[in-house]
Amino acid sequence: MVLDDLGSSLRGTMDKLRGKSRLSKEDVQEIVREIQRSLLQADVEVALVMELSENIKERALEEEPPGGTTARDHILKIVYEEMVEIVGESTEIPLEPQTIMLAGLQGSGKTTTAAKMAWWFSKKGLRPAVIQTDTFRPGAYDQAKQMCERAEVDFYGDPDGGDPVQIAREGMEATEDADVHIVDTAGRHALEADLIDEIEEIEAEVNPDLNLLVLDAAIGQGAKEQAREFDSSIGIGGVVITKLDGTAKGGGALTAVNETDSSIAFLGTGETVQDIERFEPNGFISRLLGMGDLKQLSERVERAMMEQQEAGEDDWEPEDIMKGQFTLKDMKRQMDAMNRMGPLDQIMDMIPGLGGGLMDQLPDDAMDVTQDRMRKFEIIMDSMTDMEMEEPRAIGASQIRRIARGSGTDEETVKELLQQHKMMERTLKQFKGMGDGDMKRMMKKLEG
Ligand code: GDP
């Protein structure tokens, strides 16, 4: 995902600000440097990075943090606002009859995106149709037809047709029963005059409500020229970033958004018709800043569960721990699942209210169950009775001694395990009743 590692590196820098009520020039420099590094790595244009970091620097040093706000929260807010400024709101896609035309170079993912978007609209209860006007790329017709069959959406194309404008006209007529017309156009290897002429003619024929520029996430700075060309010929209302599953970049697309004064509409995250997401700026930036994104968390939990089931292990429902019932048995399963999901502190960071708030109040190592400790904990758990696993709170001093001896560890480590369990139980109880509303509340709180 775009700028994926900014969150963790930035959080590291932010952590150093704990307890401070004012930011020094050096603090601001360090944060800005961290942001610059990540953005440049993600292929964001240098001028854009400079503009962003200048704005952050200026505001961080000039604006007074509101009373009661820590320096850390203050700069987070500024970074958040400045990032929103660049990334922008998601392109508005009304759920109503309309015509959308896709533009982009060959291989950018237009045909795939057309079928994906049709699938997306059909899931929203509309009847979409894809019109394939790409007569340039051999195989475009078959590919589009197959994908549309898979997506179970209407399709029009003409494998023998030579005139894209005629195909567009016939396609609009042939699919007039559809609500949403998605017009796929031909690309070229590079920006060529005939490509621009052709797309202008198709645009005149189908009169789209929205033109989307499809860009490969790995495109880098070439995005700028493409965006400018397409924008000046047909007008670009939004950008689709494809192949985000294959790259950590995507900064080129941000440049395109900036260049066309548009926004991001969809993200492509794989090769099948379902691998499409609406772009959500809040969730995107929140995650970037470690402020929590429940959707991503639940996907990760789901994935881990699927892997667990594939591995033939018992059915573990995360809902159980969300109910606030959290025994040592749950903790053991949780530790196994964590191995698949990644470190617990990262998972916690994705939960609204925990990422920014609660995690800060816990000791730094509260969630740090390292591999070594986990292994020790597992051995200790093996020495416990079923009763003890179900009711860890009832474990007394003599039992601790027995368990330590039985597991070949020491009482200190057994106590540590019990302590860890308590801490996790308390933290995981915060899952209870958390939803989208909490996310928004967190944001509001952050905005002061
Ligand atoms: P077009 O020439 O612009 O129509 O591009 P295509 O739709 O044919 O896509 C080019 C290649 O990229 C194809 O092999 C697609 O399967 C692949 N592709 C498109 N979108 C994605 C995506 O989001 N993720 C991945 N992994 N591959 C994609």
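Look above for the structure.
Please read these numbers as outputs of a predicted model, since none were measured by experiment.

Novice: Requested: an account of the site of the ligand, with residues and values cited.
Specialist: Taken together, 17 residues sit near the ligand, with Gly107, Lys110, Thr111, Thr112 and Asp245 positioned nearest. Between the ligand and Ser108 there is a distance of 3.3 Å, counted from an oxygen atom to a backbone nitrogen or oxygen. Note that an oxygen atom of the ligand is positioned 2.5 Å from one of the side-chain N or O atoms of Thr112. The protein chains hide 82% of the 580 Å² of surface that the ligand would expose on its own. Per-element accounting of the shell around the ligand gives the leading share, four residues, to helix α5 (residues 110-123). Of the residues in the shell around the ligand, the class split is one nonpolar, 10 polar and six charged.

Novice: Tell me about the environment of Lys110, and name the residues and values.
Specialist: Note on placement: Lys110 falls in helix α5. Each residue touching Lys110, except ones within four places of it in the same chain, is listed here: Leu102, Ala103, Gly104, Leu105, Asp184, Thr185, Ala186, Gly187 and Val214. Engagement of the side chain of Lys110 in a polar contact is seen with the backbone oxygen of Leu105, the distance being 3.0 Å.

Novice: If you had to explain unusual backbone geometry to someone new, which residues and values would you point to?
Specialist: Its identity is not glycine, yet Asn207 carries a phi of approximately 50°, on the positive side. Structurally, Asn207 is set in the loop between α8 (193-206) and β5 (210-216). Taking relative accessible area as the criterion, Asn207 reaches 58% and is therefore assigned exposed. Positive phi, close to 55°, is recorded for Asp261, a residue that is not glycine.

What counts, and where the lines are drawn
Residues numbered from 1 in each chain as written. Predicted model: local features only at pLDDT ≥ 70, side-chain atom pairs only at ≥ 80, totals over all residues. Heavy atoms only, no water. Near = heavy atom within 4 Å. Polar contact = N/O pair within 3.5 Å; in protein donor to acceptor, adjacent residues only side chain to side chain. Areas by Shrake-Rupley, 256 points an atom, 1.4 Å probe, with all protein chains shown as cover. Helix = DSSP H or I, 4+ residues; strand = E, 2+ residues; numbered from the N terminus. Nonpolar A, V, L, I, M, F, W, Y, C, P; charged D, E, K, R; others polar. Contact = heavy atoms within 4.5 Å. Buried < 20%, exposed > 50% of the residue type's maximum accessible area, 1.4 Å probe, protein only.

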